[in-house]
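Architecture at a glance
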Amino acid sequence: MIRKIGILGASLFCLVSLTSCEKDFNDIGTGVIKNTKFNTNKVELELEITPIDIESVRADNIGTTITEYWMGVYKNENYKTIESSFVSQLGLLNSLKTSDVKPASADGEIDSLFVLDKVILKIPYSATNKGKDSDGKPKFTLDSVLGNPDIATSLKIFKSGTYLNTLDPNNPSQPNSFMSNDTYLEEELLNEDAGFTFKPSAIDTMYTVTRHYSDGRTFESEEKLSNKAPFLAVPLNTTRMKELFWDKFDGTEFSSAQEFNNYFRGLIVKSEGADGSMVPVRLTGSSDLPSVDFYYTITRFEKKADNSNLVYKDTVPTRYSFPLSGVRNSIYKMSPRTNPIPSDNFILQGTAGSMAEVKVLGVNLTKLKQSDPTNSILNYESYDNNPKDGYLDLKELSSIRDVANEKYGFLVNDASLSFYINQTANTNKNIIPQRIFLYTSSDDGSGNVLPIQITDSYTESGTFGGNLELVDEKPEKYTLRITDYISNLFDRTSTNYSPLLLKVYNNPTDNPYRNRVLETNVLSYNWDPRGVTLLNENETTNGAKKAVLKITYSEKR
């Protein structure tokens, strides 16, 4: 029987049987047993990989925090083209007014005239401060740009006609959820320019607003974020936004958050195009949140003694900022890839892209006889009976027992899955997933099959892996260690032989610990748009870089 043993377990055994431990164990290190009582060997278990096309993923922020939203169009001929958009409610402000409520009548009192200047949708880019330029101004770089930033991307802002309910309308006792392919009623286009496009730029740190005195004269103000970071400004139709917002501030529509969210159900920020670029945008945080900004100017006049006319006092440029808050959801429109998948390759792509089922076929007995005829696994060839197919699969291996020792014939030291990258399709380490993720599924006892974490993701999180590995700064492979998972199957701590599932890792929702509490269910969220082409299990085509499960084990003599 194969079973994992580590340094801690061996050490505890030594404390109990010190004399025997000193006699029998000559070298215990890195989880591999080499001593006079054990022989160490290794074996490969073949895989069968089946691509899975993803239709949609959960993409709302109900009950969780979405840390990254993407906006724009990303085309890579090897993967699905993504048009990434989002829908969001707005937050209601207090103390909204568009005129002085009390005319100036006594000396020293002020009369104010309000003029609405401009309405824009402000969306901060996700950017990093890199210090200062030679002129002393802050220097920023965008955190990531996928695709071709020289191609402009169409961006349309719609008034949403769909109410974003936090509760399931069919079962109000349960929270609602929205998928990435949900549809929303595009009730009205709000752009000032219906043909508005954008190209992401780290130097877009200012927007100039033309301000208006009450007598019609104008001046300009330069609007920036508090940290002077880059942002996208989308001018909205001022006349229409005045009718929808400004003229109704005193009405019941703005009397409460509930009334407001029912009246103005949110914005749909829609990216369109066959090609372009996609960037992460900052929709959460403690300051400089995305918002619909109503820029207005107050011209103030003062009542003075012995003067029948009000006297000009000053001009105050200001704004109302309605934050994008409440319920929001990402929208991924996926189009088929241009290039076919290379033979004996498979693709992982985040968002509503692609994943893969990984079935462990087991030890190929015919191959093992040719490559390693003295391997101890061959002593158990008779266990190939479920059915007799030339493989010792996981279930058959788990049925092996060493009767003489009453327990195990083998101790697992390491079990690792390796997936090599197609280096022809993937040359840039920065635009492929930085990590992939492995999990499985289990019946909850009621006939519902639920995705669950691999044991190693939380028992051996430091070595579970899945991170991108480079050789000479070029993408090479991903490795996942599943030692505890295999050990638990072989000693029957677990009897879940379901196939494994492989996808692009999503941070932080794929973390088994949420708010420091272990949660073994795997969520379907994924907002990483990157893709990677991996070599499959075909040894004839891929040779030593084939996808394979390798187990190192120790056998008691």
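Note that the structure is a prediction, hence the values are computed from the model and not measured. (Residues numbered from 1 in each chain as written. Predicted model: local features only at pLDDT ≥ 70, side-chain atom pairs only at ≥ 80, totals over all residues. Heavy atoms only, no water.)

**Topic: the overall build of the protein**
Quick reminder of the rule: A run of H or I in DSSP counts as a helix once it spans at least four residues, and a run of E counts as a strand once it spans at least two, with each numbered from the N terminus. Between buried and exposed lies partly exposed: a residue is buried under 20% and exposed over 50% of the maximum accessible area for its type, with that area taken using a 1.4 Å probe on protein chains only. Contacts were defined at the residue level, with two residues in contact if any of their heavy atoms lie within 4.5 Å.
The helix and strand inventory of the protein stands at nine helices and 34 strands. Based on the C-alpha atoms only, the size of the protein along its principal axes is roughly 115 × 55 × 50 Å. Considering the protein as a whole, with its 557 residues, one finds that 47% of them fall into the buried category. Sequence-distant contacts, at least 24 apart, represent 77% of the contacts inside the protein between residues at least 6 apart.

**Focus: empty space enclosed by the protein**
Spelled out, the test is: Whether a set of points on the 1 Å grid over the protein atoms alone is a cavity depends on a 1.4 Å probe fitting there but being unable to get out, while an open set qualifies as a pocket with protein on both sides within 12 Å along at least five of seven lines; lining residues are those with an atom within 4 Å of a point. Grid points are joined across faces, edges and corners, and a volume is the space filled by probe spheres set on the points. The residue classification treats Ala, Val, Leu, Ile, Met, Phe, Trp, Tyr, Cys and Pro as nonpolar and Asp, Glu, Lys and Arg as charged. All others, Gly included, are polar.
Taken as a whole, this structure holds two cavities of 30 Å³ or more when the rule is applied. In this structure, the largest cavity occupies an estimated 50 Å³ of space. Along the walls of the largest cavity sit Lys122, Glu223, Lys224, Leu225, Phe231, Asp293, Tyr295 and Arg319, which together make up its complete lining. In terms of residue class, the lining of the largest cavity is made up of three nonpolar, no polar and five charged. Taken as a whole, the second largest cavity holds about 30 Å³ of empty space. Taken together, Val57, Arg58, Ala59, Ile66, Ser330, Tyr332, Asn526 and Trp527 make up the lining of the second largest cavity. Here the residues of the lining of the second largest cavity are counted per class, giving five nonpolar, two polar and one charged.

**A word on the side chain of lysine 122**
In this fold, lysine 122 is placed in strand 6 (residues 110–124). The buried category is assigned to lysine 122, whose relative accessible area is 6%. Those residues in contact with lysine 122 that lie beyond four places of it in its chain are Leu225, Phe231, Leu232, Leu289, Pro290, Ser291, Asp293 and Arg319.

**Some thoughts on helix 8 (residues 483–490)**
A large share of helix 8 lies buried, amounting to eight of its eight residues. Residues of helix 8 that are buried include every one of Thr483, Asp484, Tyr485, Ile486, Ser487, Asn488, Leu489 and Phe490, and no others. Arginine 492 occupies a position one or two residues after helix 8 and carries a positive phi of about 65 degrees.

**Some words on the packing of aromatic side chains**
The relative placement of two aromatic rings is captured by the distance of their centres and the angle of their planes. The test is simple: The rule is short: rings of Phe, Tyr and Trp, with Trp giving its six-membered ring, pair when the centres are within 6.5 Å, and they are stacked under 30 degrees, edge-to-face over 60, tilted in between. Counting as a charge over the ring demands two things of the Lys NZ or Arg CZ atom: a distance within 6 Å of the ring centre and an angle within 35 degrees of the ring normal.
This structure, assessed with the given rule, holds 30 aromatic pairs. Between tyrosine 213 and phenylalanine 219, the aromatic rings sit 5.0 Å apart at their centres with planes inclined by 45 degrees, giving tilted as the arrangement. On the basis of relative accessible area, phenylalanine 219 is assigned to the partly exposed category, the value being 22%. Counting every residue linked through ring pairs, the aromatic cluster contains Phe114, Phe245, Trp246, Phe249, Phe254, Phe260, Tyr263, Phe264, Phe294, Tyr296, Tyr320 and Phe322. We note arginine 217 situated over the ring of tyrosine 213; from NZ or CZ to the ring centre the distance is 4.2 Å.

**A word on the pattern of salt bridges**
Once their charged atoms are close, side chains differing in charge can pair, the charge on each being opposite to the other. The line we're drawing: By definition here, a salt bridge exists when the distance from a side-chain nitrogen of Lys or Arg to a carboxyl oxygen of Asp or Glu is within 4 Å.
Within the structure shown, the criterion is met by 29 salt bridges. With a shortest N-O distance of 3.6 Å, glutamate 223 and arginine 319 are connected by a salt bridge. In this pair, glutamate 223 sits in strand 16 (residues 218–223) while arginine 319 sits in strand 21 (residues 311–335), placing the two residues 96 residues apart along the sequence. Note that lysine 545 and glutamate 476 form a salt bridge whose closest N and O atoms lie 3.8 Å from each other. Of the two residues, lysine 545 sits in the loop between helix 9 (539–542) and strand 34 (548–556) while glutamate 476 sits in strand 29 (residues 474–481), which places them 69 residues apart along the sequence. Owing to a relative accessible area of 32%, lysine 545 belongs among the partly exposed residues under this scheme. Classification of glutamate 476 by relative accessible area gives buried; the value is 15%. One network of salt bridges, with partners in common, ties together Asp117, Lys122, Arg211, Glu223, Asp293 and Arg319.

**Things to note about the environment of glutamate 272**
With respect to the secondary-structure elements, glutamate 272 resides in strand 18 (residues 267–272). Placed 221 residues apart in sequence, glutamate 272 and threonine 493 show a C-alpha to C-alpha distance of 51 Å. Contact partners of glutamate 272, with chain neighbours within four places excluded, come to Val73, Glu83, Thr153, Ser154 and Lys156.

**Things to note about the environment of glutamine 453**
Here is the rule we go by: Here a polar contact is taken to be a pair of N or O atoms separated by no more than 3.5 Å, where protein atoms must pair a possible hydrogen donor with a possible acceptor and residues adjacent in sequence count only if both atoms sit in side chains.
Positionally, glutamine 453 belongs in strand 27 (residues 449–453). Assessed through its relative accessible area of 5%, glutamine 453 is described here as buried. Look past the residues within four positions of glutamine 453 in its chain and what remains in contact with it is Phe437, Tyr458, Asp510, Asn511, Pro512, Glu519, Thr520 and Val522. Within polar-contact distance, the side chain of glutamine 453 engages the side chain of serine 457 at 2.9 Å.

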